[in-house]
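Fold and contact review
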Amino acid sequence: MADHREMDADAHTDVDADVDVDAVTHAVLAASRLLVTVSAHSLAAVAERVERVTLPQYRLLAVLATHGDAKLVEVAERLGVNPSTAMRMLDRLIAVGLATRQSNPDNRRETMLRLTPEGRRLVEEVTAARHREISAIVARLTPGQRSALVGALTAFTRAGGEPAVPGEDSEPYPLGWSDTHARPAHE
């Protein structure tokens, strides 16, 4: 009899764990929709100055802002896209004056991609708008909710293989994307 009750207790624990994972997954998906909305709003806040820049194009700008001049293959890798996709995005950004393509002075066969001053200003303005909007949302939380959120997001970030944010005033990745792809924590 005792063995049967232990098996029922184990089965019940597994069901609770599945419910918890499912509930957390739904909550994270809802939060991610909010963050995408915030990102889109922050980009739209400066849209009058430039022709429409899509979130994927903005990601390319953010990669260049974060890492500096780079070859197309490097940018494509950091974005997790094919070089031909990155080239199409880049061509659009060059056309609106946000990025340039120049020969590498150290190797004339290589082309380097870089932000224009206008592209850098755009990244800075979008980042500032995003920071303001997220701060306004966080300000509506109680101090206890804020503390719990920091702990939960830090654990979530670590579990996803992303580097931790170095300090509260720093923003290492202008739109939240690093140059590394998420890796399982067990690797």
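Before reading further, recall that the structure is shown in the block above.
Reading guide: rules and limits
- Residues numbered from 1 in each chain as written.
- Predicted model: local features only at pLDDT ≥ 70, side-chain atom pairs only at ≥ 80, totals over all residues.
- Heavy atoms only, no water.
- Helix = DSSP H or I, 4+ residues; strand = E, 2+ residues; numbered from the N terminus.
- Buried < 20%, exposed > 50% of the residue type's maximum accessible area, 1.4 Å probe, protein only.
- Contact = heavy atoms within 4.5 Å.
- Areas by Shrake-Rupley, 256 points an atom, 1.4 Å probe, with all protein chains shown as cover.
- Pairing = 2+ DSSP bridges.
- Axes fitted to C-alpha atoms, helices over the stretch in contact; angles between N-to-C directions.
- Salt bridge = Lys/Arg side-chain N within 4 Å of Asp/Glu carboxyl O.

**With respect to the overall build of the protein**
- Secondary structure summary: the protein contains six helices and three strands in total.
- Secondary structure elements in the protein, listed N-terminal to C-terminal, are α-α-β-α-α-β-β-α-α.
- Per-residue burial for the protein yields a buried fraction of 22% across its 187 residues.
- Once local pairs closer than 6 in sequence are excluded, the contacts in the protein between residues at least 24 apart make up 57%.
- In the structure as shown, the protein presents an accessible area of about 12300 Å², 57% of it carried by carbon and sulfur atoms.

**A look at the sheet that holds strand β2 (residues 99-104)**
- Ordered by their spatial adjacency, three strands build an open sheet running β1-β3-β2, and the pairing between neighbours is antiparallel. For this open sheet the edge positions go to β1 (70-71) and β2, each flanked by a neighbour on one side alone.
- Where β1 meets strand β3 (residues 107-115), two bridges bridge the pair, whose relative direction is antiparallel. Residue pairing for β3: Lys-71 is matched across the bridge by Met-112.
- Packing against the sheet, helix α2 (residues 55-67) makes contact with β1 and β3, and its axis sits at approximately 105 degrees to β3.

**Quick word on the pattern of salt bridges**
- One pass over the full model with this rule turns up four salt bridges.
- Note that Arg-114 and Asp-69 form a salt bridge whose closest N and O atoms lie 2.3 Å from each other. Here Arg-114 is found in strand β3, whereas its partner Asp-69 is found in the loop between α2 and β1, with 45 residues between them in sequence.
- Given the relative accessible area of 29%, Arg-114 is considered partly exposed.
- When its relative accessible area of 36% is taken as the criterion, Asp-69 is described as partly exposed.
- One salt bridge in this structure joins Glu-110 and Lys-71, with 3.5 Å as the shortest N-O distance. Remark: Lys-71 occurs in strand β1 and Glu-110 occurs in strand β3; sequence separation between them is 39 residues.
- On the accessibility criterion, Glu-110 (23% relative accessible area) is partly exposed.

**Focus: the pairing of β3**
- Across six bridges, β2 lies against β3 in antiparallel orientation. Residue Ala-99 lies in a different strand from β3, and its bridge partner there is Leu-115.
- What sits between the antiparallel neighbours β2 and β3 is a turn of two residues.

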